[in-house]
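Understanding the architecture of this molecule
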Amino acid sequence: VTAIDMRGAVAAIILAVASVPAFAWEGYDHEQGVTVEIEKGNLVREGREIEVYDSEAGYRTFEVDSIERHGSSVEIEVTDTESGETRTFEMEDD
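Note that this is a predicted model, so its numbers are computed, not measured. (Residues numbered from 1 in each chain as written. Predicted model: local features only at pLDDT ≥ 70, side-chain atom pairs only at ≥ 80, totals over all residues. Heavy atoms only, no water.)

Bringing a negative patch on the surface into the picture now. Residues Glu46, Glu49, Glu63, Asp65, Glu68, Glu75, Glu77 and Glu90 make up a contiguous surface patch of negative charge. At the level of elements, β4 (58-70) and β5 (73-80) are the ones that each hand at least two residues to the negative patch. In terms of residue count, β4 provides more of the negative patch than any other element does, 3 residues in total. By the element assignment, Glu46 lies in the loop between β2 (34-39) and β3 (49-54). The exposure class of Glu46 is exposed, given its relative accessible area of 53%. (Patch = residues over 30% accessible without salt bridge, like charges linked within 9 Å, V, L, I, M, F, W, Y side chains within 5 Å. Areas by Shrake-Rupley, 256 points an atom, 1.4 Å probe, with all protein chains shown as cover. Salt bridge = Lys/Arg side-chain N within 4 Å of Asp/Glu carboxyl O. Lys, Arg positive; Asp, Glu negative; His and termini not counted. Charge placed at Lys NZ, Arg CZ, Asp CG, Glu CD. Helix = DSSP H or I, 4+ residues; strand = E, 2+ residues; numbered from the N terminus. Buried < 20%, exposed > 50% of the residue type's maximum accessible area, 1.4 Å probe, protein only.)

Next up, the structure:
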């Protein structure tokens, strides 16, 4: 194995790792009509704050009020920490 072959292999590994998408929990807010994503690293538990990406409003911080499983989805009721607005997210249950 030559040094050129090794550099090519290392470059291929780096490219493969760099192209792996960040994991997010995807869902939908039916009342607002927008998609939402809870980024990896957020601990979604009642009483905790989470950061959510809203496809219309960008990143927002919410406090989790309740979590309920409904068949193949999870319903999360949250309160926006800035506006005080209560919202419900229907998240995919992967």
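Side chains of β2 alternate between two faces, with Val34, Val36 and Ile38 buried and Thr35, Glu37 and Glu39 left unburied. Sheet topology note: the strand β1 (residues 24-29)/β2 ladder contains 6 bridges and is antiparallel. Bridge pairing in β2 places Asp29 opposite Val34. Of the strand pairs in this sheet, β2 and β3 are connected by 3 bridges, and their pairing is antiparallel. Within β3, the position partnered with Ile38 by the bridge is Val52. (Pairing = 2+ DSSP bridges.)

Before going further, it helps to examine the packing of aromatic side chains. Inspection of the entire model under this criterion finds 2 aromatic pairs. Where Phe62 meets Phe89, the ring centres are 5.4 Å apart and the plane angle is 85 degrees; that geometry is what we call edge-to-face. Pair noted here: Phe62 is in strand β4 and Phe89 is in strand β6 (residues 86-92), with a separation of 27 residues, a long-range link. On the basis of relative accessibility, which here comes to 0%, the residue Phe62 falls in the buried class. (Phe/Tyr/Trp six-rings, centres within 6.5 Å; stacked < 30°, edge-to-face > 60°.)

This brings us to the sheet that holds β3. The 6 strands are arranged β1-β2-β3-β4-β5-β6 in a closed barrel whose pairing can be described as antiparallel. Between one strand and the next, the sheet's axes are offset by a mean angle of 45 degrees, whatever the strand orientation. For β3 and β4, the ladder comprises 6 bridges, and the chain directions are antiparallel. Bridged to Val52 within β4 is Arg60. (Axes fitted to C-alpha atoms, helices over the stretch in contact; angles between N-to-C directions.)

Tracing the sequence through the fold places Gly33 in the loop between β1 and β2. The class of Gly33 is partly exposed, set by a relative accessible area of 42%.

Before going further, it helps to spend a moment on the side chain of Asp80. Relative to the assigned elements, Asp80 resides in strand β5. Within the structure, Asp80 has its side chain in polar contact with the side chain of Arg60 (distance 2.8 Å). Not counting chain neighbours up to four residues away, the residues in contact with Asp80 comprise Arg60, Thr61, Phe62 and Glu85. (Polar contact = N/O pair within 3.5 Å; in protein donor to acceptor, adjacent residues only side chain to side chain. Contact = heavy atoms within 4.5 Å.)

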